[in-house]
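# Structural features, examined
The primary structure of each chain is shown beneath.
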Amino acid sequence: MKIAILSCFYPYRGGISQFNACLYGELSRNHDVRAFNFTRQYPEFLFPGKTQFVTEDDEAVSIESTPLLDTANPFTYGKTYRAIRDWNPDVLIVRYWMSYFGPSLGYITRRMKKHCKVISILDNVVPHEPRFFDTPLTRYFLKGSTGCVTLCEAVSEDLLKIDPQARYTVIQHPLYSHFGAKKDRAEAERKLGLKPGKKNILFFGLIRKYKGLDILLEAFGALPDDYQLIIAGEPYGSFEPYQQIIDRIQGKERIVKELKYIKDSEVTDYFSAADLAVLPYRSATQSGISSVSYHFEVPMIVTDVGGLKETIGDRGTGLVAKNGTPEEIRIEIERYFSDPQIAEDCIGNIRKEKERLSWKGFAESLVGFIGQL
């Protein structure tokens, strides 16, 4: 089968690009796959981070791709459509995670649907920070899809609210496996400047309002001296509101901050030092951070939003703070560490999930769904 994938690939960085590279590699084992890339993913003024691209010392997977689509330049939409059409694929796979991509991707998919099956992998249907134009742009995009793949039931529910007739399947986010093996804990702690013998809590990934770092900071301020907090990720926007919380809470000297994009080669240090990852999100669908936690066998505490309870709490790989308040986060953190059996059970369940959530399994389920359409 000839499969075209239109999305971001190397040299773009981040979880979407990493996912696409892994999917490309797995599908290429049995199919003729070609990657079509962006020439510009976002205009700079829409991107709150420092850079959209990998740096020279990053070890991201390099995928050969054809860069064509400038999402801010409608003159490239037709050019991209014609290039994909002329390659004559049986299937076009696109990724969709925010309504900004609705006009550009929708233009292409609505035309490609006449020539091949179009499969949309939906990270989000309703954004974490919604705006009035999200629903009409998403509805426009979805008209070009033959079928949709969601990564959790919560996204499927959002999909059906916009398109009750949508043909879809749920395939859970596979595990990232390109970060390498877990390091010796003591070595990782030395590298990060952590004091040994503490209970290490990790907040990892892009720092955005909906991810609730402020909630975790308030919770951490009520924890005793044998806890340490590691904050590792690039702020999208000002870090000042979080710093103001840090400056007034107890235990600020036990907080280690790495406010930058964490390269693939550095990820192992943070998860090797961590006892527990905390995802105190205000809203969520699924989270790529949970996939990384699974890889390193680090249990999680999550809030009961989106698909987090479904993919973590219900699987027994972590604990769920139902109300998502600082007090409840603190209670669940202390409960986790109060009984060694909880950690043992969570890690055992993570190992079962690692067997189930392979890229091979994801690709086989995806191909099976395509065959049903």
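The present account deals with the structure reproduced in this document. In this numbering scheme, every chain counts its residues from 1 along its sequence in written order. Reporting of local features is limited, given that this is a predicted model, to residues whose pLDDT is at least 70; pairs of side-chain atoms are given and counted only at 80 or more, and all residues count toward the totals for whole chains, interfaces and linings. Note: side-chain values were computed over all heavy atoms of the structure, leaving out hydrogens and water.

### Things to note about the overall build of the chain
Numbering goes from the N terminus for both helices and strands, where a helix is a DSSP run of H or I of at least four residues and a strand is a run of E of at least two. Broken down by element type, the chain carries 14 helices and 13 strands. The globule rule puts the C-alpha radius of gyration for 373 residues at 21 Å, and the 21 Å found for the chain is close to it. Taken along its principal axes, the extent of the C-alpha atoms in the chain is 65 × 40 × 40 Å. For each residue, the accessible area found with a 1.4 Å probe, counting protein chains only, is set against the maximum for its type, and the residue is called buried under 20%, exposed over 50%, and partly exposed in between. Counting every position in the chain, which comprises 373 residues, the buried fraction comes to 56%. The long-range share in the chain, meaning contacts at least 24 apart out of those at least 6 apart in sequence, stands at 77%. Here the Shrake-Rupley method, with its probe set to 1.4 Å, supplies the accessible areas, and only the displayed protein chains count as covering residues. Carbon and sulfur atoms make up 49% of the accessible area of the chain, which amounts to about 15800 Å² in all. Looking at the chain, you have 48 positive and 48 negative side-chain charges, and the mean spots of the two groups are 6 Å apart. Here the globule rule is a power law, 2.2 Å times the number of residues to the power 0.38, and the radius of gyration is based on C-alpha atoms. By definition in these notes, contact holds between two residues if any of their heavy atoms fall within 4.5 Å. His is not counted, nor are the chain ends; Lys and Arg add positive charge and Asp and Glu add negative charge. Positions of charges follow a simple convention, taking NZ of Lys, CZ of Arg, CG of Asp or CD of Glu.

### Points about a positive patch on the surface
On the surface, Arg110, Lys113, Arg139 and Lys143 cluster together to form a positively charged patch. Here Lys113 lies in the loop between helix H3 (102–112) and strand E5 (117–122). In this structure Lys113 comes out as partly exposed when scored by relative accessible area, which is 38%. Note that patches include only residues with greater than 30% relative accessible area and no salt bridge, and the join distances are 9 Å for like charges and 5 Å for nonpolar side chains (Val, Leu, Ile, Met, Phe, Trp, Tyr). Here a salt bridge means any side-chain nitrogen of Lys or Arg lying within 4 Å of a carboxyl oxygen belonging to Asp or Glu.

### Focus on the sheet that holds strand E11 (residues 276–279)
Criterion used throughout: strands pair if DSSP finds at least two bridges between them. The strand order across the open sheet formed by six strands is E10-E9-E8-E11-E12-E13, and the pairing between neighbours is parallel. Only two strands of the sheet have a single partner each, and these edge strands are strand E10 (255–258) and strand E13 (318–321). On average, adjacent strands in this sheet sit at an angle of 20° to one another, irrespective of strand direction. Strand contacts of helix H9 (residues 264–273): strand E8 (199–204), strand E9 (227–232) and E10, with the helix running at about 140° to E8, the strand carrying the most contacts. Helix axes are fitted only over the stretch in contact, all axes being lines through C-alpha atoms; the angle between N-to-C directions runs from 0 to 180 degrees.

### Points about helix H5 (residues 153–162)
Of all the positions in H5, only Ala154, Val155, Ser156, Asp158, Leu159 and Ile162 are classed as buried. In the core, the buried residues of H5 are packed alongside E5, helix H4 (134–142), strand E6 (147–150), strand E7 (168–170) and helix H11 (308–313).

### Points about the pattern of salt bridges
This model, assessed by the stated rule, comprises 23 salt bridges. A salt bridge links Arg85 to Asp86, with the shortest nitrogen-to-oxygen separation between them at 3.1 Å. Among the residues examined, Arg85 registers a relative accessible area of 29% and is labelled partly exposed. Classification of Asp86 by relative accessible area gives exposed; the value is 57%. Through salt bridges with shared partners, one network takes in Lys183, Lys191 and Asp269.

### Some points on unusual backbone geometry
For residues other than glycine, phi is negative in most cases, and the peptide bonds are mostly trans. That bond from Tyr10 to Pro11 is cis: its omega, 15°, falls within 30 degrees of zero. Mapped onto the secondary structure, Pro11 falls in the loop between strand E1 (2–6) and helix H1 (15–27).

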